[in-house]
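Chain residues, written in single-letter form:
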Amino acid sequence: MAAPMRSLLADPDRYLQSFRLFLERSTEHQCMQDFVERQLPDVIASIGNGKSTINVLSVGGGAGEMDLQILSKIRARYPGATINNEVVEPSADQISKYKERVAQASNLENIKFTWHKETAYEYESRMNAEKKTKKWDFIHMIQMLYYVKDVPATIRYFHSLLESQAKLLIILVSGKSGWETLWKKYGSSFPSEDLCSYVSSADLPRMLDAAGLKYQLYELPSHMDITSCFIEGDKDGELLLDFLTETLNFAKTAPPELKSQLMEELRKPGCSENRDGKVFFNNNLGVIVIEP
């Protein structure tokens, strides 16, 4: 009897390993950095007008790579202001990496950091229990909506915390990405155990329209080299397959038929592009900027 398929999130260490490899093999951060360089200055152009303190909330801040880049843009736009940056992040490992990053950075004067080791839902519950409503000038949720139980309710809650000139920035995989194809076809076969939901930028307009919110959408081209996934027994390839399917040891525990169908799907134009003998998975991202 083959071992049953289990969610990758059941093994936090392997999840982090596969996530780091994904960042290494993909242009995920490069395309976000590009957005931060080119488009973010316009997005934040009025969030701090006339304010001596700008409050920024990072929901699912991870190890802080993107956070620090976002903060540097806010600081450049409002050089005299103090920035109060609060981070909601459930992983102790990621928070400690974030703190290391802050300790090593040289240009963070005027920025105050506070970390909360909790999920978005735990943050909301704590604030409600303490009867607190803190308002924010900028809130961002980068690649984290997959891990909330109720996506529309989470967006509505954080949107309710925006100041009058504020913005809520959400980054997710694009509805035009290979992720969308994989999830639509095979999501029900993966053992997500309710630990993650398959949501892409294609799902958000419907939710935001229903809530009567105003927003802008951006598409960020990105890809990931998954060539090693097709080399039998390749350790990195197996890690990437785990990440793509959110399944622990997918290569060893998936039923053979599911595995062969998925491997075939990964080569198709709906998921990937074959270039110079390599297979590049479509990792496009969607950015949604929501008005107060």
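Here the residue numbering is sequential within each chain, running from 1 through the sequence in written order. Only residues with pLDDT of 70 or above have their local features reported here, since the model is predicted, and side-chain atom pairs are shown and tallied only from 80 upward, although totals for entire chains, interfaces and linings are computed over all residues. To obtain the side-chain values, all non-hydrogen atoms of the structure were used and water was disregarded.

Chemist: What exactly am I supposed to notice about the sheet that holds strand β8 (residues 223-225) here?
Modeler: Neighbouring strands of a sheet are bound in pairs by backbone hydrogen bonds; such pairs are parallel or else antiparallel. Strands were regarded as paired on the criterion that DSSP finds at least two bridges between them. Comment: elements are numbered from the N terminus, with helices defined as DSSP H or I runs of at least four residues and strands as E runs of at least two. Taking strand neighbours across the sheet as the criterion, the three strands line up as β8-β11-β10 in an open arrangement whose pairing is antiparallel. Each of the sheet's edge strands pairs with one partner strand only, and the pair in question is β8 and β10 (272-275). Going from strand to strand, the sheet's axes swing by 30 degrees on average, the running direction of each strand aside. Residue contacts are defined here by distance: any two heavy atoms, one from each residue, within 4.5 Å place the two residues in contact. Lines fitted to the C-alpha atoms define the axes, with helices restricted to the stretch that makes contact. Angles between their N-to-C directions range from 0 to 180 degrees. Against the sheet, helix α8 (residues 178-186) touches β8 and β11 (278-282), its axis set at about 80 degrees to β11.

Chemist: Where do I start with the packing of aromatic side chains in this structure?
Modeler: Note on aromatic pairs: the rings of Phe, Tyr and Trp (six-membered ring only in Trp) are paired at centre separations within 6.5 Å, and the planes decide the class, stacked below 30 degrees, edge-to-face beyond 60, tilted for the rest. With the rule as written, the count across this model stands at 19 aromatic pairs. Centre to centre, the rings of Tyr15 and Phe243 are 6.2 Å apart; their planes meet at 35 degrees, and the pair counts as tilted. Taken together, the positions of Tyr15 in helix α1 (residues 12-25) and Phe243 in helix α10 (residues 235-245) put the pair 228 residues apart, joining distant regions of the chain. Summarising the burial analysis for this pair, Tyr15 and Phe243 share the class buried. Between the aromatic rings of Trp183 and Tyr198, the centroid separation amounts to 5.1 Å while the plane-to-plane angle is 35 degrees, which identifies the pairing as tilted. In this pair, Trp183 sits in helix α8 while Tyr198 sits in the loop between α8 and α9 (204-210), placing the two residues 15 residues apart along the sequence. With a 1.4 Å probe rolled over the protein chains alone, any residue whose accessible area is under 20% of its type maximum counts as buried; one over 50% counts as exposed, and the rest are partly exposed.

Chemist: So what exactly am I meant to see when it comes to the packing of helix α4 (residues 65-77) against helix α5 (residues 92-104) here?
Modeler: Relative orientation and spacing of two packed helices are given, respectively, by the angle between their axes and the distance between those axes. In contact at an axis separation of 10 Å, α4 and α5 are set at 40 degrees when each is read in the N-to-C sense. Viewed along their axes, α4 and α5 adopt a mutual orientation that is oblique. Residue-level inspection shows Glu65, Asp67 and Leu68 of α4 in contact with α5, the latter providing Tyr98, Arg101 and Val102. In this classification, the charged set is Asp, Glu, Lys and Arg, the nonpolar set is Ala, Val, Leu, Ile, Met, Phe, Trp, Tyr, Cys and Pro, and all remaining amino acids, among them Gly, are polar. By residue class, the composition of the contact of α4 with α5 is three nonpolar, no polar and three charged. For this classification, under 35 degrees means roughly parallel, over 145 means roughly antiparallel, 65 to 115 means roughly perpendicular, and everything else is oblique.

Chemist: Can you walk me through the sheet that holds strand β3 (residues 82-88) in this structure?
Modeler: Spatial ordering of the open sheet is given by β4-β3-β2-β5-β6-β12-β7, a layout of seven strands whose pairing is mixed. Each edge of the sheet is formed by a strand with only one pairing partner; in this case those strands are β4 (111-116) and β7 (215-220). Each strand of the sheet is rotated relative to its neighbour by a mean of 15 degrees, with strand direction disregarded. Pairing between strand β2 (residues 53-59) and strand β5 (residues 136-142): four bridges, direction parallel. Bridging across to β5, Ser58 finds its partner in His140. Relative to strand β6 (residues 162-173), helix α7 (residues 151-159) is tilted by about 150 degrees, and along the sheet it contacts β2, β5, β6 and β12 (285-290).

Chemist: Mind showing me how you'd approach the side chain of Thr27 here?
Modeler: Assignment of secondary structure puts Thr27 in the loop between α1 and α2 (28-38). Excluding anything up to four places from it in sequence, Thr27 contacts Ser222 and His223.

Chemist: Is there a simple way to explain the pattern of salt bridges in this structure?
Modeler: Opposite charge on two side chains permits them to pair, given that their charged atoms come into close proximity. Definition used for salt bridges: Asp or Glu carboxyl oxygen within 4 Å of a side-chain nitrogen of Lys or Arg. A full pass over the atoms with the stated rule returns 21 salt bridges. The shortest N-O distance in the salt bridge between Glu109 and Arg75 comes to 3.4 Å. One end of the pair, Glu109, is in the loop between α5 and β4; the other, Arg75, is in helix α4, and 34 residues separate them in sequence. Here the residues in one salt-bridge network are Arg20, Asp93 and Lys97, joined through shared partners.

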